[in-house]
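# Descriptive analysis of the structure
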Amino acid sequence: MGRRDGNADLLPGTLHLMILRTLQREHLHGYAIAKRIRELSGGEFEIEDGSLYPALTRMVLKGWLKAKPALSENQRKIKIYELTPAGRRRLEQESGAFKKMIRAIQLVMKPS
Amino acid sequence: MRLWSELAGRARYLFQRRRFNQELDDEIQFHIETRAAELEQSGLKRVEARFQARREFGKIGQSKETTRRMFGAATLDGILQDLSYGARQLKRSPGFAITAILSLALGIGANTAIFQLLNAVRLRSLPVRDPQQLMEVKIAGDARFGTHNSWDSLTYPLWEQIRDHQESFSGVFAWSFGDLSFGEGDSARTVRIAWVSGAAFPTLGVRAEKGRLIQAGDDRKNCPAIAVLGYGFWQRQYGGEDSAVGSSLALADPYQPTAASFSVVGVTEPAFAGLEVGRPFDLALPFCAKQRLFRADGEDSLTNRSLFWVGVIGRLKNGVTANQAARQLEASSAPWFEAAAPNDYDATPMGVWRRYRLTAEPRPRGIGQLRENYETPLWLLLGITALVLTIACVNLANLLLARSNARVREYSVRMALGASRARVVSQLFWESLLIALCGAVAGTGLAAVLSRAVVRVVSMQMEGVQLDLGLDWRAGLDWRVIAFIAGVAIAASVSFGLSTALYATRANAMRGANGGARNTTLDRRRFAFQRILIAGQMAISLVLVIASLLFVRSFHNLLSIDPGFRQQGLNFFFVDFVRAGLPKDGMRPFANSLLDQVRAVPGVESAALSTFLPLAGGNWMLLIHVPGHEEAPGEDAACQFAWVSPGYFATLGIPLTAGRDFQESDSAGAPRALIVNQDFVQKYFKKYENPIGRTVRSLREPNYPDTLYEIVGVVKSARHSNLRDAHEPVAYAPDLQHPNIYPTGTIAVRSTMPLASLSKSIGGTLRKIPGVRVNATLNLRERVLTGLSRERLLAWLSGFFGVLALVLATIGLYGVVSYMVSARRKEIGIRIALGATQSAVVSMILRHTAFLLLGGLLAGAALSFALSKSIANLLYGLAPDDPLSFGAAAFVLVAIGLAASGIPARKSAQLDPNVTLREE
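Residues numbered from 1 in each chain as written. Chains lettered and ligands numbered in written order. Predicted model: local features only at pLDDT ≥ 70, side-chain atom pairs only at ≥ 80, totals over all residues.

## A few points about the overall build of chain A
Short version of the rule: Only runs of H or I of at least four residues qualify as helices and only runs of E of at least two qualify as strands under DSSP, and these elements are numbered from the N terminus. Exposure is read from a count of other C-beta atoms within 10 Å of each residue's own; the residue is exposed at 12 or fewer, buried at 20 or more and partly exposed in between. C-beta atoms are placed from the backbone. It is the C-beta atoms, placed from the backbone, that decide contacts: two residues are in contact if theirs lie within 7 Å.
Each helix and strand in chain A was counted, giving 4 helices and 3 strands. Order of helices (α) and strands (β) in chain A, N terminus to C terminus: α-β-α-α-β-β-α. Among the 112 residues that make up chain A, the fraction classed as buried is 33%. Counted over contacts in chain A with a minimum sequence separation of 6, partners at least 24 positions apart contribute 49%.

## With respect to the overall build of chain B
Across its full length, chain B carries 29 helices and 23 strands. Expressed as a percentage of its 920 residues, the buried residues of chain B come to 40%.

## Observations concerning the environment of B:Ala442
Residue and element names in this part refer to chain B. Inspection of the secondary structure assignment puts Ala 442 in helix H15 (residues 421-461). By the C-beta count within 10 Å, which is 17 here, Ala 442 ends up partly exposed. For the pair Ala 442 and Ala 105, spaced 337 residues apart in the sequence, the C-alpha separation amounts to 5.4 Å. For Ala 442, the contacting residues outside a window of four places in its chain are Ile 101 and Ala 105.

## Topic: the sheet that holds strand E3 (residues 77-83) of chain A
Strand pairing in a sheet relies on backbone hydrogen bonds, with the paired strands running either antiparallel or parallel. Residues and elements named next belong to chain A. Let me state the cut-off plainly: Note on pairing: two strands pair once DSSP finds at least 2 bridges between them.
Strand order in this open sheet of 3 strands is E1-E3-E2, and the pairing throughout is antiparallel. Strand pairing shows two members of the sheet lacking a second neighbour, strand E1 (28-29) and strand E2 (65-71), which therefore form its edges. Taken together, the 2 bridges between E1 and E3 define a ladder with antiparallel strand orientation. The residue bridging His 29 from the neighbouring strand is Ile 80, located in E3.

## Digging into the environment of B:Asp219
Residues and elements named next belong to chain B. With respect to the element layout, Asp 219 can be found in the loop between strand E4 (208-211) and strand E5 (226-229). Considered as a pair, Asp 219 and Thr 500 are 281 residues apart in the sequence and their alpha carbons are 67 Å apart. In this structure Asp 219 touches Ser 197, Gly 198, Pro 286, Phe 287 and Cys 288, once residues within four positions along its chain are discounted.

## A look at the nonpolar core
All names here are of chain B. Using the following cut-off: Think of a nonpolar core as buried Ala, Val, Leu, Ile, Met, Phe, Trp, Tyr and Cys residues, each tied to the set through C-beta atoms within 7 Å.
Ranked by internal contacts, the top residues of the largest apolar core, which has 108 residues, are Leu 104, Val 388, Met 538, Leu 544 and Ala 805. Per element, the largest residue contribution to this core is 19 residues, and it comes from helix H13 (residues 369-406). If we skip the residues at most four places from it in the chain, Val 388 touches Gly 107, Ala 110, Leu 544, Phe 801, Leu 804 and Ala 805.

## Side note on the packing of helix H2 (residues 30-40) of chain A against helix H3 (residues 52-62) of chain A
Residue and element names in this part refer to chain A. Which entries qualify depends on this criterion: Between N-to-C directions, angles cover 0 to 180 degrees, with each direction set by a line fitted to C-alpha atoms, over the stretch in contact for helices. Throughout, the term roughly parallel applies to angles under 35 degrees, roughly antiparallel to angles over 145, roughly perpendicular to angles from 65 to 115, and oblique to all others. Throughout, a crossing is termed right-handed when the near helix is turned clockwise from the far one, and left-handed when it is turned anticlockwise from it by less than a right angle.
At a minimum axis distance of 11 Å, the contact between H2 and H3 shows a crossing angle of 110 degrees. Classified by the angle their axes make, H2 and H3 are roughly perpendicular. In this structure, the crossing between H2 and H3 has a hand that is right-handed. Facing Gly 30, Ile 33 and Ala 34 of H2, the residues of H3 in contact are Leu 52, Tyr 53 and Leu 56.

## Things to note about the packing of helix H20 (residues 587-599) of chain B against helix H23 (residues 755-767) of chain B
Residue and element names in this part refer to chain B. Our working definition: Put simply, Ala, Val, Leu, Ile, Met, Phe, Trp, Tyr, Cys and Pro go in the nonpolar bin, Asp, Glu, Lys and Arg in the charged bin, and everything else, Gly too, in the polar bin.
H23 packs onto H20 with a crossing angle of 135 degrees between their chain directions and a minimal axis gap of 10 Å. Compared by their axis directions, H20 and H23 come out oblique. Here the hand of the crossing between H20 and H23 comes out right-handed. Contact residues: Leu 594, Gln 597 and Val 598 in H20; Ile 762, Thr 765 and Leu 766 in H23. When its residues are assigned to classes, the contact of H20 with H23 shows 4 nonpolar, 2 polar and no charged.

## Points about the environment of B:Ile435
All names here are of chain B. Relative to the elements of secondary structure, Ile 435 occurs in helix H15. Accessibility expressed as a C-beta count within 10 Å gives 26 for Ile 435, which makes it buried. For the pair Ile 435 and Ala 225, spaced 210 residues apart in the sequence, the C-alpha separation amounts to 60 Å. Apart from residues lying up to four places away in sequence, Ile 435 is in contact with Ala 100, Ile 101, Leu 104 and Ser 493.

## Observations regarding the pairing of strand E7 (residues 260-268) of chain B
Residues and elements named next belong to chain B. Judged from the 3 bridges that link them, E4 and E7 form a sheet pairing that is antiparallel. In the sheet register, Lys 210 faces E7, and the bridge partner there is Val 267. Across 4 bridges, the pairing between strand E6 (residues 248-252) and E7 is antiparallel. Bridge pairing in E7 links Leu 249 to Phe 262.

## Structural notes on the confidence of the model for chain A
Our working definition: The pLDDT value expresses, per residue, how confident the predictor is, ranging between 0 and 100.
For chain A, the mean per-residue pLDDT works out to 77, and 79% of the residues sit at or above 70. Contacts of residues 1-9 of chain A to residues separated by more than four positions or lying in other chains number 17 contacts, the stretch itself having pLDDT below 50.

## Here's the deal with helix H26 (residues 825-833) of chain B
Residue and element names in this part refer to chain B. Put simply, the rule reads: Arc definition: it is the arc formed by the directions from the helix axis to the C-beta atoms.
Those residues of H26 that sit buried are Ile 828, Gly 829 and Ile 832. Along the long axis of H26, the arc covered by the buried residues comes to 105 degrees, so they all point the same way. Contacts from the buried residues of H26 go to helix H27 (838-868), helix H28 (883-909) and helix H29 (913-918). Just past H26, the residue Gly 835 takes up positive phi, approximately 110 degrees.

## Considerations on the confidence of the model for chain B
Residues shown with low pLDDT carry predicted positions that ought not to be read at fine detail. Residues and elements named next belong to chain B. When pLDDT is averaged across chain B, the result is 83; 89% of the residues are at 70 or more. Note that residues 512-522 has pLDDT below 50 and, in this model, 16 contacts with residues that lie over four places away or in other chains. If you check the scores for this complex, the pTM reads 0.72 and the ipTM reads 0.80.

Spelled out as C-alpha cells, the structure:
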C-alpha cells in the first residue's frame, strides 16, 4: 500500500507540520485550514486541496488531531479539527527537527 | 498505547465505513462549495468559479481513495468490490460457473475424502499425554514361531519379565485385544475387550469420565473382577447413565460354559478409544481377571509360555531417544527370554527362541491392522486424487484463458482508464477464489459422502471399524481436515486463477485490444501456454489411466485365481459344544457324530470336519523332519498342518493324485496317517520317488507331542493360508488323531443351496442336540471377496478417478482445440479460398494436436514408469510396468485425443471463406 500524502513538491512531513501549526491557536474545519495555510505562507504554499483530507485523516488516526462533527453556517455537516496533547508534543518535536533541517539547507545553499 | 488507539480507529472505520465515507463526501463537497463561493465573490462567473474550485481541489476520486487507504481498508473494500464483481461475472455465464465449480468440487471432494481417511488412520496422534513418547516393545527381526510378527506378539510371562526388569521406560504396560460375549441367552452379543495391565491408563495419562479407571493396585493375582466402560459403549449400552458405574455385567468366553460377573468401576474419557486405530474397545478389563472366565482346571493364559497374545507399550524417559531405548532393550533382553522360555519345545525351536531379542518402535499414533493394510493405498489414492485435481485446475485455467481472451478488450479499456495491472489481476484472482470457495463447499459435502462409502468398503473386511473423519459437528471438527480443504482450495485458485490473470494482462496479450481479437495468422507464442497445459494434462491423464488399469487388472487377476478347490457352493459352519460337558476323549467322536447329522440334512451334497478355514490364515505350522531330506543351513524344515475328517477333499473338490483318502479306521488308536500335497512332495522328496509309505516326523511343541506319521496319500496342491501364495507344502492329518482336544468343530459343507436357507436347516438340526451352538457361518466365495476389499477399493477408486481424468482431459482438449481453431478462422478461410482441400485443413490441425498428444504421452509414460515401482507390492499377477496396461492406456488417450480434436478440426474445414473473411 503506497502512502503518498502531501504535495510532491513539499518536504516530507511539511504538510503535517503546517496543519499542526495552523491548529495550534484555533479549531478549524478542513477548508479553513487550507485557506489559513495559504494566507500564512503569503500564497507561497498552494497545497493541492485534494491532499489535505488524506493528511487530516492520517493525523486523526495517529491521535494528533481530534475531529468533532459540526454544522457550518449554511447548515452543512462538517468536521472541526483540534489539536490533542499528543498533537502538541508532536508539533514541538517536528518544529525542532524542521528548524534543524532548514538551517542545514541554508548552510548548503549559502552563496559562497 | 498509541498503536492500540490507532488500531482501534482503523477497526472502527471497518464497522462505520458507510458513515465515514458519507462524512468525507460532505466535507469535500463543503470545501469545494465554499471555495467556489469565494471565487464568485471575487468576480468569477458562477460556472467558472465552480470549475476553478474543482480544479484546485484536484482529483476528487483519488483524494477519497487515498483517504480511505489511510485506514488500510481500501484493500478490504477492494476485495468486497472484486468479489461482488466476480459474482456478477459468474452469474452472467452460469454454464462456465457450473462447469468450473463442479469440476473443482469433484477434485476437492475426492482429495478431502481420502485425506480424511488418511488423517484418521495415519496422521492423528493418540489423544493421550505426550504420544510421541510411546514405543511398542516387540521381538526384533523376523520372529518365526508362535508369533505372527504383528501386535500382541509376546507371551504373558515375557511381559512379566519386561515389567520387572526394564529400565528404558518411565512407564510400561501390556495391552491385548479380545472378544467376549456380553449378556445372556439370545440377547448375548460380542463385545470388544481391551485387556490392560494396571499401569496402562496411568502411563497413557487417560482420564476417567466417570468413576475411576483400572489402577496399579488392581493388577495383582486373583484380583477382583472389575471393568471399565469405553465411552462409546457407555453411551450406546447404558445411555450415558451415571448408574452404570457400580452396576455389574456378565461376560463369558465363547468357548467356556459359564459367565463371570464383573463390576463396573468407571468410564474412560470420550477422546480415548483405545490403542487400535479405528476400532474402539467396548470394555477394558485387567489381565489378572482373565482367569475368572475359565474353569479352574482349564488353560491358564497368564502362565502359558507359548501363547503369544500380549502387546507391550512403554513410555520413553525424558531425554532418552527412541533409538537408545531400542538398543537398551536389545542389550538387556537375553535373560528375560531365558527366564520366560517355553518348556515343551524341541531343541531346534528352542535355539531360535534363545536368539530372540527385544526392540522397540515409536507408536505415537497407536497400532492396528487397519493402518498396516490401508496406509500405503491411501497415500497412493491421495496422490491420484491430487493429480485429478491438477487436471481439473488445468481445465479451469484453460477455460479462464479462453474467457479472458474474450475479455481482453475489457481489461485493456480498464487499464487505459487508470486501473493498475495489480488491480485487474486481483479482480480476476478473486473471481477464481470465489469459484474455488464454491467448489470447496460443494467438495466438502461430496467428501462426507465419499469417505463414508470408503469406510463401508473397509468395514466389509474388518468388523467394528469406527473412524473419526474429522468433519462431524458433534464429534468436533478436526483442524487438519479444515486446513487441508482450505489449503487445497487456495492452492487451486492460485494455480488456475493467478496464473491466467497474470498471463491475460501481459502487455502483448493486451495488444489484442487494438488489432481485434483474431489475428490473421497463427501466433504460436500466443497459444504456447495453452499448449503446455494441454500436454501436461495428457501426461497426467496417462499416469492415472495406467494406474487404474494396473489396479483393475490386478484385482481381476485376484478374482480369477483358481485356488485349487471349488469356492462356489462351499460353506463353513463353526460350532461349539462346550455345554455338552463331554470328557476329553469323547470330543472328537462327538464332533464326528455332528458331522453325520449335517450330512443327513436335505440339500447337503457332502460335508467334512476341519481345523482350519482355507485362505484365512490362522493355520498351524509344525517343524518337521523328513528322513532323506537335508534342509539348507539356517533354514528349518516346516510345514502347515491341518486336521480333517474323511471326505474333506471330496467336499472341497481337491483331487487325490495318489494313495488313499482318510477312513473311519484312521482313529485315535490307529497308526498316525498323513496326506500331503504335491508341493510337499516336490520340496521333500526327489523326483520319481514314491512318497506313499514314507514317514514324516513332527517335532515336539507345547500341547503337541513328537509324532511319527506315515504318508498314505497325495493331493493336488490348493491355495492354503492365503489366496496369493501358490506353492506351500501342506500336510493333512486325520481329525480323530488330533491329540489336543477342543469342544469345537469347523464343518465344511458343499451344497447348491444359498447359505441363508442352508444355515436355517443345518442350524435347526444342530440346535436340537443339547449343548451345541452354531457360532458363525460363512460362504467361502463371499469371504474371499470381502478379503479383497482393499484391492477392490483400489480398483474401484483408481478406475473411477481414471475415467474422471479422461473425461476432464477430453473436455479440456476439445475446448482448447476449438478455441485455437476459432481464433484462426480467418487464416483457415484464406487457405480454403486459396484452394486448400478439407482434408488438408483437417490434417493441418490434427498435426498440431498430434504433436501435443505425443509430447504429453511420452512425458506421461516416463512418469508412470518412474512411479510404477512404488506400487509393485500392491499388484498381483502383473509387473508394475505391464506393457499391456501401458499400451492400452496410450491407445485410449490417442483415440480420445484425436476424437476430441478431430471434431473441431472437421468443423473448421467446412468454413465458408466468404463468411469468415467478411466478419470484420
